[in-house]
Amino acid sequence: MKLPALRWLLDPATSLLALRLRAQERGRMSYDAAWRLARVTRHPDEMVYRHHGHLAEDSSDEAW
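Definitions and cut-offs
- Residues numbered from 1 in each chain as written.
- Predicted model: local features only at pLDDT ≥ 70, side-chain atom pairs only at ≥ 80, totals over all residues.
- Heavy atoms only, no water.
- Helix = DSSP H or I, 4+ residues; strand = E, 2+ residues; numbered from the N terminus.
- Buried < 20%, exposed > 50% of the residue type's maximum accessible area, 1.4 Å probe, protein only.
- Contact = heavy atoms within 4.5 Å.
- Areas by Shrake-Rupley, 256 points an atom, 1.4 Å probe, with all protein chains shown as cover.
- Salt bridge = Lys/Arg side-chain N within 4 Å of Asp/Glu carboxyl O.

**Student:** Even after reading the chapter, I still don't get the overall build of the protein chain, so can you show me in this structure?
**Tutor:** Tallying secondary structure elements over the protein chain gives 4 helices and 0 strands in all. Tracing the protein chain from N to C terminus, the helices and strands come up as α-α-α-α. Looking at the 64 residues of the protein chain, the share that counts as buried comes to 23%. By sequence separation, contacts in the protein chain at least 24 residues apart represent 27% of the contacts at least 6 residues apart. Carbon and sulfur atoms make up 57% of the accessible area of the protein chain, which amounts to about 5200 Å² in all.

Structure, rendered in structure tokens:
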């Protein structure tokens, strides 16, 4: 099952809010980013998960 479909099944209210946010931005925001923003708007205790998905990977921390 694809992630957007799973999100719709698990939390349709957040998914609907994400679509509204994306419409306000006129498509300049990805659905994934809009969904994460909607999620932390409705559940502020999950802010750490939003940051996890938007951090750039740093290859200098990799162990060889």
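Right, picking up where we left off after that structure.
**Student:** Would you mind going over the pattern of salt bridges with me for this structure?
**Tutor:** Pairs can form between side chains of opposite charge whenever their charged atoms are close. Per the stated rule, a full pass over the model turns up 4 salt bridges. Between Asp-32 and Arg-36 there is a salt bridge whose closest N-O contact spans 3.2 Å. Separated by 4 residues within a single helix, Asp-32 and Arg-36 lie in helix α3 (residues 31–42), roughly one turn from each other. Taking relative accessible area as the criterion, Asp-32 reaches 28% and is therefore assigned partly exposed. Connected via shared salt-bridge partners are Asp-11, Arg-39 and Arg-42.

Worth remembering: the numbers are spatial, not functional.
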